[in-house]
Amino acid sequence: MPLIVTHGWPGSTVEQLKIIDRLTKPTEHGASAGDAFHLVIPSLPGHGFSGKPTETGWDPIRIAKAWAVLMERLGYDGYVAQGGDWGNAVTEQLALLKPPGLLGIHTNMPATVPSDVSKALASGGEEPAGLSADEKKAYEVLKHFFATGVGYAGEMANRPQTLYGIVDSPVGLAAWMLDHDERSYQLIARAFAGNPGGLSRDDVLDNVTHYWLTNTAISSARLYWESKLAFFDIKGVEIPVGVTVFPDELYPAPRSWAEKAYPKLVHFNEVDEGGHFAAWEQPQIFSEEMRSTFRSLR
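Residues numbered from 1 in each chain as written. Predicted model: local features only at pLDDT ≥ 70, side-chain atom pairs only at ≥ 80, totals over all residues. Heavy atoms only, no water.

(A) Expanded view of the packing of aromatic side chains. The final tally for this structure, using the stated rule, is 12 aromatic pairs. Each ring, one from W9 and one from Y152, has its centre 5.7 Å from the other, and the planes form 15 degrees; the classification is stacked. Placement of the pair is W9 in the loop between strand 1 (2-6) and helix 1 (20-24) and Y152 in helix 6 (residues 151-158), with a sequence separation of 143 residues. Ring geometry for W86 and Y224: centres 5.0 Å apart, planes at 85 degrees, overall edge-to-face. Placement of the pair is W86 in helix 3 (residues 86-97) and Y224 in helix 11 (residues 217-226), with a sequence separation of 138 residues. An identical accessibility class is assigned to W86 and Y224; each is buried. When the ring centre of W225 is taken as reference, the NZ or CZ atom of K228 above it lies at 5.8 Å. One residue, R298, lies across the ring of F37, its end atom 4.6 Å from the ring centre. (Phe/Tyr/Trp six-rings, centres within 6.5 Å; stacked < 30°, edge-to-face > 60°. Helix = DSSP H or I, 4+ residues; strand = E, 2+ residues; numbered from the N terminus. Buried < 20%, exposed > 50% of the residue type's maximum accessible area, 1.4 Å probe, protein only. Lys NZ or Arg CZ within 6 Å of the ring centre and 35° of its normal.)

Here is the structure:
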């Protein structure tokens with residue numbers, strides 16, 4: 001089964017290196033031959049080895065259209081897609097396009113927030129009435145994130161071309177990428193404090209180096225400026241969807257929200273380990289989730 005996997009920021013295609021063997025050679029990792037995937041792992045425009053856009057308009061919608069053309073040109077009549085972070089934004093837009101051949105998607109950072117919850121978060125008000133315990137937890141986590149963790153995104157969305165400190169200094173780039181929000185910093189910092197949590201020091205430095213050597217710190221930031229999508233709001237995806245909730249993700253999507261956001265929810269699982277960079281941190285768990293999600297669509 002062909003599978004296109006899309007990274008986010010400050011991730012890169014480096015995130016997916018650990019899943020390649022697990023998904024293309026499943027029998028070497030405790031799975032059956034029938035679970036094998038053909039992997040397509042593109043780099044987002046302006047990121048890594050991709051070209052830097054010379055015109056405006058390269059938002060997740062346009063990128064999704066490019067991915068549909070890519071899969072068609074590669075000759076895949078049927079395929080599935082996966083993403084987290086910006087990868088989820090692109091993957092959900094791909095699902096909304098419903099290109100011929102797209103059978104279903106998987107996300108590790110789902111957009112499931114109902115409109116009343118989104119409005120309450122935007123206003124900084126009290127949580128809507130009637131939320132379950134899981135929904136209240138998700139609301140509180142998101143409220144804290146929006147209050148303390150999106151300053152970097154605001155700067156990149158408003159003045160990406162002004163961030164010259166991150167192209168003049170590798171230390172400046174590393175600081176911007178590692179401490180872009182409080183929770184991410186805490187999780188990434190573990191790799192430098194003897195408690196890797198799935199990421200080694202080399203993993204983290206490989207990714208920073210990837211941005212540094214390709215000089216894509218500013219060109220990648222432009223995606224925040226280009227996109228006008230509400231990151232966590234329900235988009236209306238109608239094709240089959242699988243959701244995996246990793247405990248250290250930006251917010252723990254409740255099953256109740258996922259079921260409303262994705263009427264064709266074919267897989268939902270809350271796993272014990274992993275966070276925002278799921279494929280990078282927990283490649284074995286991630287790979288098992290891909291097999292479980294897409295097995296029924298083969």
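(B) Spotlight on the pattern of salt bridges. Applying the stated criterion across every chain yields a total of seven salt bridges. Among the ionic pairs, D248 bridges to R183, the shortest N-O distance being 2.7 Å. One end of the pair, D248, is in the loop between strand 5 (241-245) and helix 12 (255-261); the other, R183, is in helix 9 (residues 182-189), with 65 residues separating them in the sequence. Taking relative accessible area as the criterion, R183 reaches 38% and is therefore assigned partly exposed. We note a salt bridge from R255 to E259, for which the minimum N-O separation is 3.9 Å. Of this pair, R255 and E259 both sit in helix 12, four residues apart, roughly one helical turn. (Salt bridge = Lys/Arg side-chain N within 4 Å of Asp/Glu carboxyl O.)

(C) Layout of the side chain of T13. Mapped onto the fold, T13 is located in the loop between strand 1 and helix 1. When its relative accessible area of 19% is taken as the criterion, T13 is described as buried. Residues in contact with T13, not counting those within four places in the same chain, are H7, I41, P42, S43 and H210. (Contact = heavy atoms within 4.5 Å.)

(D) Summary view of the nonpolar core. The biggest cluster of nonpolar side chains holds 66 residues, and the ones touching the most others in it are W9, L102, I105, V113, F232, Y251 and Y262. Residues in contact with W9, not counting those within four places in the same chain, are H47, D85, W86, Y152, M156, W176, M177, H180, Y211, S220 and Y224. (Core = buried A, V, L, I, M, F, W, Y, C linked by side-chain atoms within 4.5 Å.)

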